Amino acid sequence: MLDARLQVITVTRPQPSRCRVTLLGTVRASDLDYPLHTPSDYQITARWSTTISNVSIPPLLCATSQLSVPLALIKGIRSCKTVADERALIQQESAAIRASFREEDSFQRHNNIAKLLYIHMLGSPAHFGQIECLKLVASPRFSDKRLGYLGIMLLLDENQEVLTLVTNSLKNDMNHSNMYAVGLALCTFANIASEEMSRDLANEIEKLLGSSNTYIRKKAALCALRVIKKVPDITDHFTNKAKNLLTDRNHGVLLSSITLVTEMCQIDPGVLEEFRNAVPLLVRNLKSLVTTGYSPEHDVSGITDPFLQVKILRLLRLLGRADQQASETMNDILAQVATNTDSTKNVGNSILYETVLTVLEIEADTGLRVMAINILGKFLSNRDNNIRYVALNTLNKVVSMDTNAVQRHRNIILDCLRDGDISIRRRALELSYALINEQNVRVLIRELLAFLEVADDEFKLGMTTQICLAAERFAPNRRWHIDTVLRVLKLAGNYVREEILSAFIRLVAHTPELQAYTASKLYTALKQDISQESLTLAATWIIGEYSEILLEGGFVDEEHPKPASDKDLVELLISIIDSPYANYLTKQFVLAAITKISSRSTTSHAEQERIQELLAKYTTSPELELQQRAVEFASLFNLGELREGVLERMPPPELKATVMGVVSENKPVGSTQSKDGDLLGDEIVATPDLTTSAATPNNHDLLAEIFGSSSATSTASSPAPTPRTTVDDILGLFGSNATLNPNTSTSPIPAFSTPAVTSAFSLPQSQAQSPPPAPAAPQPKLTAYTAYEKNELKVTLTPQTSAAKPGVVMILARFQVAGANAAAGLNFQAAVPKSQQLQMLPMSNPTINPGAVETQQMRVVAPVGSNVRLRLRISYSIAGQSVQEQVDFAGFPPGLTGGGP
């Protein structure tokens, strides 16, 4: 017989009067029947007598019952001193529970399940109690149902086969007369329902959505949410009920129904269109929450039901996306929320953040967007790191939408670079990169360089890359670009990517005006610090390549240039190769550099012998690459004049982009500005050595539109004649399959004849080395096609083909003016589809005088049978007015590339 000692309880007599009774005797457990109850009063269902010997008291609520709750188990587990003791006790108790389950005692089952759930929470196996939980659920007692459903939610999941046995119990309890029993069933369903169970009970859930009880309606809405997640194809079954729930005045029902509608709109675009009509209703609900006074039931830190406000804002964001009418309906309320919400508390900040996201995602007014970005800017001043992080993260996403609005907060964004939180510094860096443009590049790069000096090592690699790319893209001139990269090399030379270093060397090679300046700067920096690897490599290469410029002009980086000696250069390079910082690659660079210096006429005989001795030393190096270089370089000393030819200055390397797809070798050198532009719209500057042109990404898209999305472009320009030639693979900047072929030669040999500079898309070598045939004298059968005739300037194109060379079309462009004014500074450029290749010779004269005809030769290599199409850009000055035109020309007859005459 089990006894439970009771102390003070309240008992309700059959009569209306109440009495307080103290029981010091015992109550037989067999007399207890667990009726439904409330915590304050207990109904007497047993016999009533003057001694009150038999009273029905739910044992689970008796505070001093030693068997009703697993207090002894909890106490025993907590008293265990080792994990092994705890594991042994749990195994012992689990065995006892298994044995008790076989006795089919309802009171013991209740008690044992309570113990088993505690064991489960400790992480020990409790799956053997699953069936017992189902038995508790089937009990008519509320306390048994509550514990049974709790056990099902903890011990079962949607993949368990046992779950199929729960469906019937859930269906029965969903139709129970007690709303709390219905609530238990709905809560369990919302947690563990599988796809099969969702289909079976969807009708029951739909029926409960129309219940008159708000407690049941809000739980049914969450169950419907589970159903549509598991079975999206029955979403439309709940559409009408969900519309009705949006009109509910109960905040709990409204909160759960908006959650349901939000999920429905995300799953089914058709449902989204149906709920757009609910935007005015949602706006009214949100307005009532914003304007209502103090409501103690829903107040959180002075704000009425912020949870509901956030849910409404999220749903409005979905409904207003890509819908102008819905967006206009919610513009006013969004402005009101953004203006009236208190931002001094975290609750208000959460609502403001959701408001900002909504404004930025819908078709909002420009003023509203600016207000949203200003709110994010205000968040940056918040002392809470989480709020600052969220603001920076969001600004990173919207900076492309309204860069000017974000630029207003540039100073505070830069202040975040000095924040103590590393995640905030990282996000501020990313945002700073996105803010750089041509107007603020100097200011932002200066701030980023200051931060680079004190930045963590993990930031430096990304920072050097981004700073150099920004300088390459937005540099006002090449002098500033070179200074910026030099500063990066000095501050973080051990964290520079190879692509950035290569781009810097290309820039210097294409800027002969600044080669002496750059070499002087690098010499000075290298004397001060040889620990930065990239600085050492760049300086070694440039000093070795341009040593004669440095020796002839002296150091030009100071106010008064001072002479430089070959001894100083050689000693500096030898000190590098002997330093502890010199690695395998650095030594290779130094050997090549000193060998080049030895071949220059500015190097004395003594230094040449010194260099020869150093090379002889490394001919026995254990490092194979160094030994091979030293042997080969040393053997050059016996070749006399041939050595000078082998070691002469390298031609400027082919222009390529690093990552961004933009190069700045086409920028002005310093204060010199050029108004000439290449076909893609960038500035170009003619130098004594070469002329280059480059593209910007936007103009690349523009060119791609000429020939459709599948066609890239090959472009060619005709700059001023120069003695050097080069090939510029402009579409290589974008990773595309077309080439830029500027020709700057004054001789009849085309640009492709330079063997040191090749392109993957250039003509074959046999074609590249042979000049295009000179245009034959005009013959009667040749037809001239007018490509451009405006502003007194006329341009005609005369094609000529040869049956012996199908696919090759020679084109003679003729330029003439019709009026009395001369056309000066004519710049003629052309682009062809990526399947074709284009070569151009220089124009006979960029000034077209009245009555004169100037010509320019072009050659197009195209697939046999294809049509020749050109995009032409023409810029010139006439009668004091600058003109720039762009035309598409496809007037050539078909069959030109088929080998016809």
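Residues numbered from 1 in each chain as written. Predicted model: local features only at pLDDT ≥ 70, side-chain atom pairs only at ≥ 80, totals over all residues. Heavy atoms only, no water.

If you look the chain up in an unreviewed UniProt entry, it shows as AP-1 complex subunit gamma from Tricholomella constricta. According to its UniProt record, the chain has this under Sequence similarities (unreviewed entry): "Belongs to the adaptor complexes large subunit family." Quoted verbatim from the Subunit (unreviewed entry) field of UniProt, the annotation for the chain is "Adaptor protein complex 1 (AP-1) is a heterotetramer composed of two large adaptins (gamma-type subunit APL4 and beta-type subunit APL2), a medium adaptin (mu-type subunit APM1) and a small adaptin (sigma-type subunit APS1). AP-1 interacts with clathrin." (UniProt positions renumbered as here; feature names shortened; annotations may be inferred.)

Attention shifts here to the overall build of the chain. Across its full length, the chain holds 35 helices and 16 strands. For the chain, the proportion of contacts with a sequence separation of at least 24, taken over those separated by at least 6, is 66%. If you sum the accessible surface of the chain, you get close to 41,400 Å²; carbon and sulfur atoms cover 50% of it. (Helix = DSSP H or I, 4+ residues; strand = E, 2+ residues; numbered from the N terminus. Contact = heavy atoms within 4.5 Å. Areas by Shrake-Rupley, 256 points an atom, 1.4 Å probe, with all protein chains shown as cover.)

Our focus in this paragraph is a nonpolar patch on the surface. A contiguous nonpolar surface patch, about 280 Å² in accessible area, is contributed by L639, L642 and V646. Its place among the elements puts L639 in the loop between α32 (624-636) and α33 (641-646). (Patch = residues over 30% accessible without salt bridge, like charges linked within 9 Å, V, L, I, M, F, W, Y side chains within 5 Å. Salt bridge = Lys/Arg side-chain N within 4 Å of Asp/Glu carboxyl O.)

Bringing the pairing of strand β11 (residues 808-817) into the picture now. Summarising burial for β11: eight of the 10 residues are buried, a large majority. The hairpin turn running from strand β10 (residues 793-801) into β11, its antiparallel successor, is six residues long, and G807 in that turn takes a positive phi close to 90°. Here β11 pairs with strand β14 (residues 854-861) via eight bridges, running antiparallel. Its bridge partner lying in β14, R814 is registered against T855. (Buried < 20%, exposed > 50% of the residue type's maximum accessible area, 1.4 Å probe, protein only. Pairing = 2+ DSSP bridges.)

So, about the environment of D566. Topologically, D566 is positioned in helix α29 (residues 566-577). Linking D566 and S604, residues 38 residues apart in sequence, is a C-alpha distance of 7.2 Å.

Among the nonpolar cores identified, the biggest contains 195 residues, and F189, M463 and F504 are the most heavily contacted of them. In this structure, F504 is in contact with I482, V485, L486, L489, T518, L522, A538 and I542, ignoring residues within four places of it in sequence. L793, V795, L797 and L838 belong to the second-largest nonpolar core, a separate cluster that totals 33 residues. (Core = buried A, V, L, I, M, F, W, Y, C linked by side-chain atoms within 4.5 Å.)

Next up on the list: the sheet that holds strand β9 (residues 785-790). What the five strands build is an open sheet, ordered β9-β10-β11-β14-β13; its pairing is antiparallel. If you trace the sheet from one side to the other, it starts and ends with β9 and β13 (837-840), each paired once. When strand polarity is set aside, the average angle formed by the axes of neighbouring strands in this sheet is 20°. As paired elements, β9 and β10 share five bridges and run antiparallel to each other. Within the sheet, the bridge partner assigned to E789 lies in β10 and is K794. (Axes fitted to C-alpha atoms, helices over the stretch in contact; angles between N-to-C directions.)

Turning our attention to the packing of aromatic side chains. If you walk through the whole model with that rule in mind, you get eight aromatic pairs. Aromatic pair Y785 and F892: ring centres 5.7 Å apart, planes at 80°, arrangement edge-to-face. Here Y785 is found in strand β9, whereas its partner F892 is found in the segment after β16 (881-889), with 107 residues between them in sequence. In this structure Y785 comes out as partly exposed when scored by relative accessible area, which is 22%. The exposure class assigned to F892 is buried, which follows from its relative accessible area of 7%. Three or more aromatic residues joined by ring pairs make a cluster, and in this case those are Y785, F889 and F892. Note that R479 overlies the ring of Y517, its terminal NZ or CZ placed 4.0 Å from the centroid. For the cation-ring pair, R643 lies above F637, with the distance from its terminal atom to the ring centre recorded as 4.5 Å. (Phe/Tyr/Trp six-rings, centres within 6.5 Å; stacked < 30°, edge-to-face > 60°. Lys NZ or Arg CZ within 6 Å of the ring centre and 35° of its normal.)

Between its terminal C-alpha atoms helix α2 (residues 83-101) stretches 27 Å, which fits the 27 Å expected from 19 residues at 1.5 Å a residue. All buried positions along α2 are accounted for by I90, E93, S94, I97, S100 and F101. Down the axis of α2, the sector holding all buried residues measures 120°, keeping them to one side. Set apart from the buried face of α2 by more than 90 degrees, the exposed residues are Q91 and Q92. Among the structural elements, α1 (71-78), α3 (106-121) and α4 (130-137) are those in contact with the buried residues of α2. (Expected span 1.5 Å × (residues − 1). Arc of directions from axis to C-beta.)

This part covers the pattern of salt bridges. Under the criterion given, the structure shown has 33 salt bridges. With a shortest N-O distance of 3.1 Å, E354 and R317 are connected by a salt bridge. Taken together, the residues E354 in helix α16 (residues 346-361) and R317 in helix α14 (residues 306-320) connect sequence positions 37 residues apart. Note on E354: relative accessible area 6%, which makes it buried. Linking R479 and D483 is a salt bridge whose minimum nitrogen-to-oxygen distance equals 3.3 Å. Of the two residues, R479 and D483 both sit in helix α24 (residues 478-492), four residues apart, roughly one turn of that helix.

Take the packing of helix α13 (residues 279-291) against helix α15 (residues 324-340) next. Working note: a packed helix pair is described by the angle between its axes plus the distance between those axes. Direction vectors running N to C along α13 and α15 enclose 10°, while the axes themselves pass 10 Å from each other. Regarding the angle of α13 to α15, the classification is roughly parallel. Packed against α13, whose contacting residues are V279, P280, V283, L286, K287, V290 and T291, the element α15 presents A326, T329, M330, I333, Q336, V337 and N340 at the interface. Of the residues assigned to the contact of α13 with α15, the class counts are nine nonpolar, four polar and one charged. (Parallel < 35°, antiparallel > 145°, perpendicular 65-115°, else oblique. Nonpolar A, V, L, I, M, F, W, Y, C, P; charged D, E, K, R; others polar.)

A few words on the packing of helix α17 (residues 366-379) against helix α18 (residues 385-398). Between α17 and α18, the shortest axis-to-axis distance is 8 Å and the interhelical angle comes to 145°. For the pair α17 and α18, the crossing hand works out as left-handed. When α17 is examined against α18, the residues I373, L376 and F379 are found in contact with a partner set consisting of I387, R388, A391, T394 and L395. The residue makeup of the contact of α17 with α18, split by class, is six nonpolar, one polar and one charged. (Left-handed = near helix turned anticlockwise from the far one by under 90°.)

For N821, the position within the fold is in the loop between β11 and β12 (823-833). If we skip the residues at most four places from it in the chain, N821 touches E792, P850, I878 and A879.

Our next topic: unusual backbone geometry. A positive phi angle, near 70°, is found at E792, a position not held by glycine. As for its placement among the helices and strands, E792 is situated in the loop between β9 and β10. Of note, A879 is a non-glycine position whose phi angle comes to about 55°, a positive value. Among the structural elements, A879 can be located in the loop between β15 (870-878) and β16.

Among the secondary structure elements, N285 is positioned in helix α13. When residues no more than four places from it in sequence are discounted, the contact partners of N285 are L246, L254 and I312.

Let us now look at the confidence of the model for the chain. Per-residue confidence for the chain averages 77 on the pLDDT scale, and 77% of its residues sit at or above 70. Here residues 1-69 is a poorly scored stretch, pLDDT under 50, and it has 87 contacts once near neighbours within four places are set aside; other chains count. Here residues 659-666 scores under 50 on pLDDT; set against residues more than four positions off or in separate chains, the count is 36 contacts. (pLDDT = per-residue confidence, 0-100.)

Moving on to the state of the cysteines. Going through the model one piece at a time under the given rule, you end up with zero disulfides. C223 supplies the cysteine sulfur nearest to C187, a cysteine that is in no disulfide, at a spacing of 8.0 Å. Given a relative accessible area of 30%, C187 falls into the partly exposed group. (Disulfide = S-S within 2.5 Å.)

Looking at where I543 falls in the secondary structure, it is placed in helix α27 (residues 533-545). A relative accessible area of 1% places I543 in the buried class. Separated by 54 residues in sequence, I543 and I597 place their C-alpha atoms 8.4 Å apart. Residues within four places of I543 in sequence aside, it is in contact with A519, Y523, L569, L572 and I597.

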